[in-house]
Amino acid sequence: MADGGHYYNEHDDRTAPFRNSKGRGHKGRSYDKSRRGRQRGNHTGRFGGPGPRSRLLDDTDGDVNMSDSSQDSSSLNRFNPYGRPSRKGDKQQGEGGGGRGVPGVPGGGSSSIFRRDRGLRKTSGWYKVTIPHGRKYEKKWLITALQNICSVQYTPIQYHVDHQRAHFFLDDPAAANALRRCSHKITDSDGYKVEVHVNPSYPPSFLQSDLKPEQLEHLKQCMAGRFNGSQQALDLSNIRTDEDLVSKNIEVILNRKTNMEAVIKIIEENIPELACLNLSNNRIHKLDDLTDAVTKVPNLKALDLSQNELKTDRELDKIKGLKLVELWLSKNPLCVHFKDHAAYISAVRQRFPRLLKLDGHDLPPPIGFDVETPTAIPPCKGSCFGSDEIKALILRFLQQYYSIYDSGDRQPLLDAYHDGASLSITTPYTSQNPSRSSLGEYYKDSRNLKRIKDSTMRFRLLKHTRLNVVAFLNELPKTQHDIASFTVDVNTYTNTLLSFTVSGIFKEVVVDGKSRESTMAFSRVFITVPAGNSGLCIVNDQLFIRMATTEEIRRAFVAPAPTPSSSPVPTLTAPQQEMLTAFSLKSGMNLEWSQKCLQDNEWDFNRAAQIFTQLKAEGKIPDVAFIK
């Protein structure tokens, strides 16, 4: 967090310096020295205690309130379901509480260490450099650009990207101070200034040594004393201040990878049936190291993560494999980011659909399908036409429509549309640059109502009248559709209206030597009215285009595709004409598809018949091949 050019530790929970000078010195000097000697909060309640608990995972922190606890609630602009107390009345400001102090600074997190512009004060000797939005930069470019303007040479340690931020560590105070002054001195290719945040930090996780065997044994004994066998519950709240561990000079910090791994291993080996785990008040800011609990503590049903430092609900994705029914998250920074209570519950339940209780409050019973074992989705049953008459009408229409659509000129499609027809096209929403996507050609005209909120823009993207519709279709990339992949579902049909959906696969063809070699899937809703004696006229056309799946690409274009032609039967020799007629009678296919099958097999009747039989048995010959 920045304050007048000074940066707090990344996990510091302060939103502003203390402004009441009562007992705190003057202009940012260290507050009352007596507060430095405040004892750690004692652990007063454990799962092993006698009698039933009123709450499954109680907060047992024994810290006392600080003075000046009043706050102006009118200044809160966002919903805070179970937010932390105000900074003036915050509990746990001593070292043993929930204060977010920087290691090495007496008195915990209340005293500002960067109040004066004298650079970074040394704490543990390590510093964490954070580049907001650093994900979009190449590591080589970013490090080189910083090195070029930094007055002190440095070596970045453990460079990594977390969400949108890039991080690395330094163990050189001079380099840390020099880098701090590089913020907003570099301009990227988009014209934005690169921010550089430098904060005192714990050493990188890979440098933090594992607990020694004798320390692990003491930790195991400590956990045994905190375990309640009747409830299968383990209370590890505020474990860093446990009297037994502190007396033996053992420091257990659960936001360290090695320490959390040690705890999970002890649980796996000694209490694999654990149902309730309390990790509250442990300064946990990430849940990466708790991911193993999904497989190693599979019976976990209740988890208390309250009074930690989780900043975003995205952290919950890392443990969403847990089948939790109770969860506590109150007094974490993430709680203030929701507009209301319903949004908070929805975000949490999205990760834990079986949740019945959140922060001690009962939730409505979940609605969903409780499937314990993996269940395969039933296979597609193919097209649904309703009647043979409708089937013949639609297949004839599709063959004619896509024969023209895939030709070099789509202008004849004017005859397929009503004078007052309308058309819209939609693509899936994407956060990436549309020009880099294979759907980029369609994205600019996408009428995705989740993305387009402006009513004027919605109207403009809707193509009206058949002239505008066909003119727009002519501008789209040239294509080849796999008719064999088509699936048709009739939605409505009456004497005056026929509505049906056709889904399938297509690819863009090479034009002027240019092609993206992209295979795409589409779903198209045609609303039609009768035209002439046996035709259809489109009054509304809704086209949805997406990228094809791997399985769809594998199965696409395996059946022989007819070549559009003005004459269904080109001039053939007498023997070929006789063979074609015989093959059409034997196979049941029309002349166009029969000829294609014979041509692909070099007019070998027996081989063509064998291939036909095989493809038909596999269901790879479309219905349109049998329309005569």
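The structure this text deals with has already been given above.
Residues numbered from 1 in each chain as written. Predicted model: local features only at pLDDT ≥ 70, side-chain atom pairs only at ≥ 80, totals over all residues. Heavy atoms only, no water.

## Some remarks on the overall build of the chain
- What the chain contains, in helices and strands, is 16 helices and 19 strands.
- Contacts in the chain between residues at least 24 apart in sequence constitute 66% of all its contacts with a sequence separation of at least 6.
- For the chain, the computed accessible surface area is about 33,000 Å², with 50% contributed by carbon and sulfur atoms. (Helix = DSSP H or I, 4+ residues; strand = E, 2+ residues; numbered from the N terminus. Contact = heavy atoms within 4.5 Å. Areas by Shrake-Rupley, 256 points an atom, 1.4 Å probe, with all protein chains shown as cover.)

## A short note on the environment of Gly 440
- You can see Gly 440 is positioned in helix H10 (residues 440-443).
- Taking the relative accessible area as the measure of exposure, Gly 440 reaches 22% and is therefore partly exposed.
- Separated by 13 residues in the primary sequence, Gly 440 and Thr 427 place their C-alpha atoms 9.4 Å from one another. (Buried < 20%, exposed > 50% of the residue type's maximum accessible area, 1.4 Å probe, protein only.)

## Regarding the packing of helix H4 (residues 213-225) against helix H6 (residues 257-270)
- With their axes 11 Å apart at the nearest point, H4 and H6 run at an angle of 65° to one another. In terms of crossing hand, the pair formed by H4 and H6 is right-handed. Along its contact with H4, which presents Leu 216, Leu 219, Lys 220 and Met 223, the element H6 presents Ala 262, Val 263, Ile 266, Ile 267 and Asn 270.
- A class-by-class count of the residues in the contact of H4 with H6 yields seven nonpolar, one polar and one charged. (Axes fitted to C-alpha atoms, helices over the stretch in contact; angles between N-to-C directions. Left-handed = near helix turned anticlockwise from the far one by under 90°. Nonpolar A, V, L, I, M, F, W, Y, C, P; charged D, E, K, R; others polar.)

## Describing the nonpolar core
- Grouped together as the largest cluster of nonpolar side chains are 54 residues, with contacts concentrated most on Leu 398, Tyr 401, Tyr 417, Leu 473 and Phe 500.
- Counting residues per element, this core draws most heavily on helix H9 (residues 388-405), at eight residues.
- Dropping the residues within four chain positions of it, Leu 473 is found in contact with Tyr 401, Tyr 405, Arg 410, Leu 413, Tyr 417, Leu 423 and Arg 524.
- Ranked by size, the runner-up nonpolar core spans 47 residues in total, among them Leu 219, Leu 324, Leu 327 and Leu 334. (Core = buried A, V, L, I, M, F, W, Y, C linked by side-chain atoms within 4.5 Å.)

## A word on helix H15 (residues 591-600)
- Looking at H15, one finds that the buried residues are Trp 593, Ser 594, Gln 595, Cys 597 and Leu 598.
- Of the surrounding elements, those touching the buried residues of H15 are H9, helix H14 (574-587) and helix H16 (605-617).
- Residue Asn 590 occupies the N-cap position of H15, its side-chain oxygen lying 2.9 Å from the main-chain nitrogen of Trp 593.
- Of the residues trailing H15, Glu 602 is marked for its positive phi of about 55°. (Polar contact = N/O pair within 3.5 Å; in protein donor to acceptor, adjacent residues only side chain to side chain.)

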